[in-house]
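The primary structure of each chain is shown beneath.
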Amino acid sequence: LRSSEIAGVGHYVPERVVTNADLITLMDTTDEWIQERTGIKERRWFTEGTDTTANMGANAARKALEMAGLQPDDVQMIVFATLSPDYFFPGSGVLLQRELGIKAPIPAFDVRNQCSGFVYALSMADQFIKTGMYDNVLVVGSEIHSSGLDISTRGRAVSVIFGDGAGAVVLRPCTREGHGILSTHLHAQGEHAEELIVKEPSSNRQDRTAFIQNLENEVELYPIMNGQNVFKHAVVRFPQVIKEALDQNGFESKDIDMLIPHQANLRITQYVQHKMGLPDEKVFSNIQRYGNTTAASVPIALSEAVQEGRIKRGDLVCLAAFGSGFTWASALIKW
Ligand code: ACO
């Protein structure tokens, strides 16, 4: 089987910066509370009429394609990871295809796997390249959270965490022996499905119209999170899935040159860093500036790490994510 490599990576974040001080005008919170618990100083919120989940993904994809030296028409498959698609259906993958002006009827599909969505999507793309079915695959993670948050005091424990943004990579076959994506590892534990959830609009309702007309239940439209339980599982699953990738390929923690964790919460990242015994310069964090962008967080972080020259040819790079589902995943890459 052949392997795949990341030939290009790019990201896009909306222009509008929302600081913790801005949130204080919307809800009863403090900069200190937010920074102490999450590390977040500011996040981006989309602008209606300018940003959509699909077109933010397209902006990131154009940069990834440019880095790979490819045109949109070279793309042979699109995998789009998001929990905040433009429509209930169809998925945002087909909208991205249209946005990029790709006329060929290439396959396009969405992965709905929340914070680990991008790593799942990357793994799926990798399988299609391994089997020889496609050469150039676009993998995108894009989210607009801000329109779906309860930005009042009632929703403050969740709404201060999330932000909007997009990242993308182009995957192609790797011709360098022993390089590229070495392995991917995917897990889920559905018994925790309700620990971090948006319940509505649900299909399990005889009369959805009546529900919509009577939005006293509107809290169900917003994310509900059992924060402490999410934290407890995240700090176990992140190190586990990173170690799984290292073990499979005969590496140890000290061999990692750059860990790109899903930017869930700075406290979670610090815990994982400590557990893995990694120095600061080997763990990438940008949650301070973007908050938690769910499926977009890993490709945005990867893109910035590459842009800043913190990842070089031959480096061992580990991507890892944990989130709603619960689902968790990792990918080990020889860059
Ligand atoms: N500002 C000020 N006070 C707040 C805020 C806020 N934004 N949010 C909650 N509070 C208050 C609560 O009302 C509560 O007050 P009380 O004691 O008077 O009742 C107090 O702060 C403590 O609330 P808890 O919910 O117990 O806060 P906790 O210490 O658990 O911190 C947090 C919450 C930050 C969400 C924490 O549980 C956590 O980090 N969990 C991990 C979840 C996570 O990172 N999720 C990211 C998304 S999932 C993923 O990407 C993996």
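Residues numbered from 1 in each chain as written. Predicted model: local features only at pLDDT ≥ 70, side-chain atom pairs only at ≥ 80, totals over all residues.

A. Looking closely at the UniProt feature "domain: Beta-ketoacyl-[acyl-carrier-protein] synthase III N-terminal" (unreviewed entry) in the chain. Here the UniProt feature "domain: Beta-ketoacyl-[acyl-carrier-protein] synthase III N-terminal" (unreviewed entry) sits at residues 109-190. This span, residues 109-190, is 22% helix and 35% strand, and a straight line between its end C-alpha atoms measures 22 Å. (UniProt positions renumbered as here; feature names shortened; annotations may be inferred. Helix = DSSP H or I, 4+ residues; strand = E, 2+ residues; numbered from the N terminus.)

B. Fine view of unusual backbone geometry. Between phenylalanine 89 and the following residue, proline 90, the backbone shows a cis peptide bond with an omega angle of 0°. Relative to the helices and strands, proline 90 is located in the loop between strand S4 (77-81) and helix H4 (92-99). The amide bond that connects glycine 325 to the next residue, phenylalanine 326, takes the cis arrangement and shows omega of -15°. Locating phenylalanine 326 in the fold gives a position in the loop between strand S12 (316-323) and strand S13 (327-334).

C. Structural context of the site of the ligand. Near the ligand there are 24 residues, and of these Thr29, Ala157, Gly227, Ala264 and Asn265 occur at the shortest range. Where the shell around the ligand is concerned, the elements lending two or more residues are helix H2 (31-38), helix H6 (156-159), helix H8 (227-248), helix H9 (266-276) and S12. The element contributing the most residues to the shell around the ligand is H8, with 5 residues. Looking at the shell around the ligand residue by residue, the classes come out as 13 nonpolar, 8 polar and 3 charged. (Near = placed C-beta within 6 Å. Nonpolar A, V, L, I, M, F, W, Y, C, P; charged D, E, K, R; others polar.)

D. Summary view of the sheet that holds S4. Strand order in this open sheet of 5 strands is S1-S7-S6-S4-S5, and the pairing throughout is mixed. Unpaired on one side and paired on the other, strand S1 (3-12) and strand S5 (108-111) mark the two borders of the sheet. Each neighbouring strand pair of the sheet contributes to a mean axis angle of 20°, computed without reference to strand direction. As defined by bridge partners, S4 adjoins S5 across 4 bridges and the pair is classed as parallel. Each bridged residue has a counterpart across the sheet, and for phenylalanine 80 the counterpart in S5 is aspartate 110. (Pairing = 2+ DSSP bridges. Axes fitted to C-alpha atoms, helices over the stretch in contact; angles between N-to-C directions.)

E. Seen up close, the UniProt feature "domain: Beta-ketoacyl-[acyl-carrier-protein] synthase III C-terminal" (unreviewed entry) in the chain. The feature "domain: Beta-ketoacyl-[acyl-carrier-protein] synthase III C-terminal" (unreviewed entry), as annotated in UniProt, sits at residues 246-335 in this numbering. Across residues 246-335, the secondary structure splits into 32% helix and 22% strand, with the terminal C-alpha atoms separated by 15 Å.

F. Inspection of helix H5 (residues 117-130) at higher detail. In a regular helix each residue adds 1.5 Å, so 14 residues correspond to 20 Å; H5 covers 20 Å between its end C-alpha atoms and thus fits that length. Counting buried residues along H5, 10 of its 14 residues qualify, which places the element largely inside the surrounding structure. Taken together, the buried positions of H5 are occupied by Gly117, Phe118, Val119, Tyr120, Ala121, Leu122, Ser123, Ala125, Asp126 and Ile129. The first or second residue beyond H5 is glycine 132, which carries a positive phi of 85°. (Expected span 1.5 Å × (residues − 1). Buried ≥ 20, exposed ≤ 12 C-beta atoms within 10 Å, placed from the backbone.)

G. Examining helix H3 (residues 53-68) more closely. Taking 1.5 Å per residue, 16 residues should reach 22 Å; H3 reaches 23 Å between its end C-alpha atoms and fits that length. Counting buried residues along H3, 12 of its 16 residues qualify, which places the element largely inside the surrounding structure. All of the buried residues in H3 are Thr53, Ala54, Asn55, Met56, Gly57, Ala58, Ala60, Ala61, Lys63, Ala64, Leu65 and Ala68. Following H3 by one or two positions, glycine 69 has its phi on the positive side, about 70°.

H. Local environment of the environment of serine 285. Here serine 285 is to be found in the loop between H9 and helix H10 (287-290). Remark: the alpha-carbon pair of serine 285 and leucine 266, spanning 19 residues in sequence, is separated by 7.5 Å.

I. Structural context of the environment of arginine 310. Tracing the backbone shows arginine 310 in the loop between helix H11 (297-307) and S12. C-alpha separation for the pair arginine 310 and aspartate 257, spaced 53 residues apart in sequence, amounts to 9.0 Å. Arginine 310 has contacts with Met258 and Ala305, leaving out every residue within four places of it along the chain. (Contact = placed C-beta atoms within 7 Å.)

J. Summary view of the sheet that holds strand S8 (residues 180-188). The mixed open sheet is built from 4 strands, whose spatial order is S8-S13-S12-S11. Strand pairing shows two members of the sheet lacking a second neighbour, S8 and strand S11 (258-261), which therefore form its edges. Neighbour-to-neighbour, the strand axes of the sheet open up by a mean angle of 10°, direction not taken into account. Sitting on the sheet, H11 is in contact with S11 and S12, with an inclination near 150° to S11.

K. Quick look at the packing of H3 against H4. For the pair H3 and H4, interaxial distance at closest approach is 9 Å and the crossing angle is 55°. Considering their axes alone, H3 and H4 lie oblique with respect to each other. Handedness of the H3/H4 crossing: right-handed. Contact residues: Thr53, Ala54, Asn55, Gly57, Ala58 and Ala61 in H3; Ser92, Leu95, Leu96 and Glu99 in H4. Classifying every residue of the contact of H3 with H4 by side-chain character gives 5 nonpolar, 4 polar and 1 charged. (Parallel < 35°, antiparallel > 145°, perpendicular 65-115°, else oblique. Left-handed = near helix turned anticlockwise from the far one by under 90°.)

L. Looking closely at the packing of H8 against H9. Closest axis-to-axis distance for the H8/H9 pair is 9 Å, and the angle between their directions is 40°. Taken together, the axes of H8 and H9 lie oblique to each other. Judged by the sense of rotation from one axis to the other, the crossing of H8 with H9 is right-handed. Mapping the contact onto sequence places Phe231, Ala234, Val235, Phe238, Pro239 and Ile242 in H8 and Ile268, Tyr271, Val272, Lys275 and Met276 in H9. A class-by-class count of the residues in the contact of H8 with H9 yields 10 nonpolar, no polar and 1 charged.

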